[in-house]
Each structure stands twice: as structure tokens, then as C-alpha cells.
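Structural characterization, general
Here are the chains, one letter per residue:
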Amino acid sequence: HVQKLETDAYAEDVREHARRAIMTYRKNHGLDQQSFHLRAIPDHGFDKRGTRRFDYGERTIELRMQSLEELVITDLSSGQTYVHPPAPLATDNLEKATASRRDLKNVIDAFELTSQKLSGLFEEMMVRGFHHDLERWREHYHGHTLLDLVSRRLLWLIEDQTTGERRVVLPTEDQTFMQPD
């Protein structure tokens, strides 16, 4: 991951090479820093509902995003929830279950890093007062599974460019906005 190399590589020449690669990509795609960071957020295979399923053979384990800080692991056949990825049972297909458990662990670990990054990115955007036009906002947020889910859990200030009227809104699943009470 080039962004990780840019900040975490031991050798300065590797960090510099990563910085140049990112700058070249941004320039070639006409992206400012904020747009690049949003585009670089992985969705970790979550669907539009914020879930991802793992095939254990006889069982399906579902990972569901409650928030940026909480993931829920559920055995769909029994309804049992887990704190950690469940070990294969004797009734599971051992090969599938072992691979799925490893994938589930990897997704959880990667999601934790993404969550930290997103929290910092949203905080920076609020502090600096970043602005989006509506089409660009929809492209960045509604066009990305994870960002769409997160954006629907935040209040946004929108401004009508013709009248200057401002309102606080909450994005909805159907890509409209509602005003909270």
C-alpha cells in the first residue's frame, strides 16, 4: 500500500518514492489531496448493507459493520454472535472454514486500520472545513460502500449556492437528505 510506505517506510528514499508516486497519480487523475484520500479508502468487500459473508461450508458467518468502532460477527445458522472469528466446528468443511476464518481475521484487522484512518480524515475535514459540490460528494460517498455507510451516520451542513441557505441534513439510503428533528 503506497500510502503506508509514504509514512511508515524505514528508508527515506522509499518514503520519497511513494510520495512521488502518489503525486503523479493525483496529477494524472486531477485529484486534490482530500479526493485522493477518499478514493484510496478500501471497502473491504462489504456490501451496501455493511455486511460481508464468509463460507464455512455448513455455516455462513456474517461480519456486519455497526459503526467505525464496532463490527459484529454472527453465525447465520444459529444466530450466535462472536467477539472473535469462530473456530471451525466438526460439521464445517475444514478447508473452507480455515480459509474463511483467516480471511475474516484479515478483514477485521484491515478494517481497524481503515477505521482509524477514516476517523482522522473526517476530523481533519471538519476542522479545516472542506467543501464538496453535491455531485462530487455523491461520487465520493454514495459511490463507495464503506463511505456511504459512514456518511449516513453523520450530520452534514449543506448550503444552497444560489440562496446561501444552510441546513443540517442526514443522508439517506436512497441518496436523498432528510432534516433531523
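Here goes a summary of the coordinates provided. Keep in mind that what you see is a predicted model, and the values were worked out from it rather than measured. (Residues numbered from 1 in each chain as written. Predicted model: local features only at pLDDT ≥ 70, side-chain atom pairs only at ≥ 80, totals over all residues. Heavy atoms only, no water.)

Let's shift gears to the packing of aromatic side chains. This structure, assessed with the given rule, holds six aromatic pairs. Centre to centre, the rings of Tyr-25 and Phe-36 are 5.9 Å apart; their planes meet at 65 degrees, and the pair counts as edge-to-face. Within this pair, whereas Tyr-25 is found in helix α2 (residues 12-29), its partner Phe-36 is found in helix α3 (residues 33-39), the two being separated by 11 residues in sequence. Residue Tyr-25 is classed as partly exposed on the basis of its relative accessible area, which comes to 33%. Their ring planes at 65 degrees and their centres at 5.7 Å tell us that Phe-46 and Phe-111 sit as a pair that is edge-to-face. With a gap of 65 residues between them, Phe-46 in the loop between α3 and β1 (51-55) and Phe-111 in helix α4 (residues 94-128) connect regions that are remote in the sequence. Of the residues examined, Phe-46 reaches a relative accessible area of 3% and is grouped as buried. One aromatic cluster in this structure is built from Trp-137, Tyr-141, Trp-156 and Phe-177. (Phe/Tyr/Trp six-rings, centres within 6.5 Å; stacked < 30°, edge-to-face > 60°. Helix = DSSP H or I, 4+ residues; strand = E, 2+ residues; numbered from the N terminus. Buried < 20%, exposed > 50% of the residue type's maximum accessible area, 1.4 Å probe, protein only.)

One pass over the full model with this rule turns up 12 salt bridges. Taking the shortest distance from any N to any O, the salt bridge between Glu-12 and Arg-19 comes out at 2.6 Å. Among the salt bridges present, the one from Asp-148 reaches Arg-152, with a minimum N-O distance of 3.2 Å. Residue classification places Asp-148 among the buried positions, given a relative accessible area of 3%. The network of salt bridges with shared partners includes Glu-12, Arg-15, Glu-16, Arg-19 and Arg-20. (Salt bridge = Lys/Arg side-chain N within 4 Å of Asp/Glu carboxyl O.)

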